[in-house]
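Chain and residue survey
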Amino acid sequence: MLIVPEALIAGLVTAEDAFGAIEACFAAMARDEAYNFPVIREALGEGRQYGFKSGLDRAGGVMGVKAGGYFPGNAAKGMINHQSSVFLFNPETGRPTAMVGGNLLTALRTAAASAISIDRLARKDAKVLGMVGAGHQAQFQLRAAAKVREFEKVIAWNYHPDMLPKLGEVTAELGLPFEAVPLDRMVEADVIVTITSSPAASLMSAHVSPGTHLACMGTDTIGKQEVEPALLARARVFTDEVAQSVTIGEAQHAVAAGLIRAEDITPIGAVIAGLAEGRQSDDQITLFDGTGVGLQDLAVASTAVRLAEERGLAIKVEV
Ligand code: NAD
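None of the values given here were measured: they were computed from a predicted structure.

Taken together, 25 residues sit near the ligand, with Arg-109, His-136, Asn-158, His-160 and Lys-224 positioned nearest. Residue His-136 places a main-chain N or O atom 2.8 Å away from an oxygen atom belonging to the ligand. In the model, an oxygen atom of the ligand is placed 2.7 Å from a nitrogen or oxygen of the His-160 side chain. Alone, the ligand offers 860 Å² of accessible surface; in the complex the protein occludes 86% of this.

This is the structure in structure tokens:
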């Protein structure tokens, strides 16, 4: 099997590579050529979480699992709190083919998903990007969003305001003006990305103008929530995978409240594959519930393996 260490990923996989791999993955899911296996997620105590996300992409010839979790004590030991590794297997024989560092790949595939939703669903004339959240993942979402629309300004709100200057630095690198705003100023945004670990809604329906596209990316487990359920009832809702959206995604709350049904949610892959309509009018609110699926991890990991092999960087071991 081949090993592609975490340290190599930054020099191998670009945001553009991730965008292409995730678009193909979402389209394969919509065509029933690829599916995710049930997610396993366990609380280990003291805030530690560990889980396994896996799947099979028949079209791409990819099968595998991402093993990863959240370890809040890591930062004090000089490591990042989210830790993950991806293992790939030959779908015909079951033999392991690769082990790939999964930390940067997780950030890239998550950023690619929200950028794909903006590319496909936001109004073409979107000018103001609103960010709700300013943690580790927020800067990846911001950079990826800036590649798909000609934004003229970034406005941002965060529960911990002291984290906002870091996002301002990224915005400056992109050559865009930046303003920290109260949540009610999000009405000025044409696109809003939410990327927080919030346990309760921060962004309310009244904070969102008609015609806005939202990429809600932070809610990936039971009990997290970023936006008011009434906003989903007002919007046309899209997701990576409907089963995850209604159980662990942002839609879990609107579905539980009886405001929307699973049948009302459109997989973004169906839009990419030309099987479903995207935005239907300039004043429609579109909302992408990005829950993060195992197939995304496999797609970017197999891209990393291909690029490492092409450049003679993959390490070969016998198992
Ligand atoms: P982080 O710990 O670096 O940042 C956490 C963010 O949440 C910060 O902006 C923080 O201020 C905010 N926050 C914390 N408590 C809050 C509260 N009570 N109310 C409102 N905001 C609060 O984490 P990160 O790596 O940036 O990840 C952010 C979220 O995205 C996490 O929930 C993570 O699990 C999720 N995530 C989702 C995917 C996906 O595919 N959908 C992928 C990666 C991460």
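The next subject is the domain arrangement of the protein chain. Structurally, the protein chain comprises domain 1 (2–106 + 295–316) and domain 2 (115–293). Taken over C-alpha atoms, the centre of domain 1 sits 24 Å from the centre of domain 2. In this complex, domain 1 contributes 19 residues to the contact, which on the side of domain 2 involves 21 residues. Of the roughly 1,600 Å² buried where domain 1 meets domain 2, counting both sides, 63% is carbon and sulfur surface. Its largest share of buried area at the contact with domain 2, domain 1 owes to Phe-19, Glu-23 and Phe-26, together 31% of the area lost on that side. At the boundary of domain 1 and domain 2, one finds 2 salt bridges. The tally of links from domain 1 across to domain 2 stands at 6 residue pairs in polar contact (both at pLDDT 80 or more).

This paragraph deals with the side chain of Asn-158. Relative to the elements of secondary structure, Asn-158 occurs in the loop between strand S9 (153–157) and helix H5 (164–173). Looking at Asn-158, its side chain comes within polar contact range of the main-chain nitrogen of Ala-134, at 3.2 Å. Within polar-contact distance, the side chain of Asn-158 engages the backbone oxygen of His-160 at 2.9 Å. Among all residues touching Asn-158, those that are not within four sequence positions of it are Gly-133, Ala-134, Met-163 and Leu-164.

Of note, Thr-110 is situated in helix H3 (residues 103–121). Side chain to side chain, Thr-110 and Arg-109 meet in a polar contact 3.0 Å long. For Thr-110, the residues in contact, after removing those within four places along its chain, are Gln-137, Gln-141, Met-217 and Gln-296.

Counting through the fold element by element, Asp-240 comes out in the loop between strand S13 (236–239) and helix H7 (242–247). By relative accessible area, Asp-240 is classed as buried at 4%. With 134 residues separating them in the primary sequence, Asp-240 and Thr-106 have C-alpha atoms 15 Å apart. Setting aside anything within four residues of it in sequence, one finds Asp-240 in contact with Phe-26, Met-29, Ile-268, Phe-288, Asp-289, Gly-290, Thr-291, Gly-292, Val-293 and Gln-296. Reaching out from Asp-240, the side chain makes a polar contact with the side chain of Thr-291 at a distance of 2.7 Å. A polar atom in the side chain of Asp-240 sits 2.8 Å from the backbone nitrogen of Gly-292.

Moving on to the pairing of S9. With 4 of its 5 residues buried, S9 lies for the most part within the structure. Looking at chain direction, strand S8 (residues 128–132) and S9 are connected through 5 bridges and run parallel. Bridging across to S9, Gly-130 finds its partner in Ile-155. In the classification by handedness, the crossover that spans S8, the intervening helix H4 (residues 136–146) and the parallel S9 is right-handed. Taken together, S9, H5 and strand S10 (residues 178–180) constitute a β-α-β crossover, and its handedness is right-handed.

Quick notes on the rules
- All residue numbers refer to positions counted from 1 along the written sequence of the respective chain.
- Predicted model: local features are reported for residues with pLDDT of at least 70 only, side-chain atom pairs are reported and counted for 80 or more only, and whole-chain, interface and lining totals are derived from all residues.
- Side-chain measures here rest on the full set of heavy atoms in the structure, leaving out hydrogens and waters.
- Near residues are defined by distance, with any heavy atom within 4 Å of the molecule or strand qualifying the residue.
- For the purposes of these results, a polar contact is taken to be a pair of N or O atoms within 3.5 Å, where, inside protein, one atom must be able to donate a hydrogen and its partner to accept one; residues adjacent in sequence count only when each atom of the pair is a side-chain atom.
- Per-residue accessibility takes into account occlusion by the displayed protein chains alone, with areas from the Shrake-Rupley method and a 1.4 Å probe.
- Boundaries of every domain are those given by an automatic assignment or by a domain database.
- Contacts are residue-level and defined by heavy atoms, with any inter-residue pair within 4.5 Å sufficient.
- The buried area of a pairing is the accessible area, by a 1.4 Å probe, that goes missing from both parts when the two are put together, added over both.
- For salt bridges, the criterion is a side-chain nitrogen of Lys or Arg within 4 Å of an Asp or Glu carboxyl oxygen.
- Strands are runs of DSSP state E lasting at least 2 residues, helices are runs of H or I lasting at least 4, and numbering of each runs from the N terminus.
- Remark: exposure states derive from per-residue accessible area (1.4 Å probe, protein chains only) relative to the maximum for the residue type, with buried under 20%, exposed over 50%, and partly exposed in between.
- We treat two strands as partners when DSSP finds at least two bridges between them.
- Seen with the strands pointing away from the viewer, any crossover whose path from the first strand over the helix to the second strand runs clockwise is right-handed.

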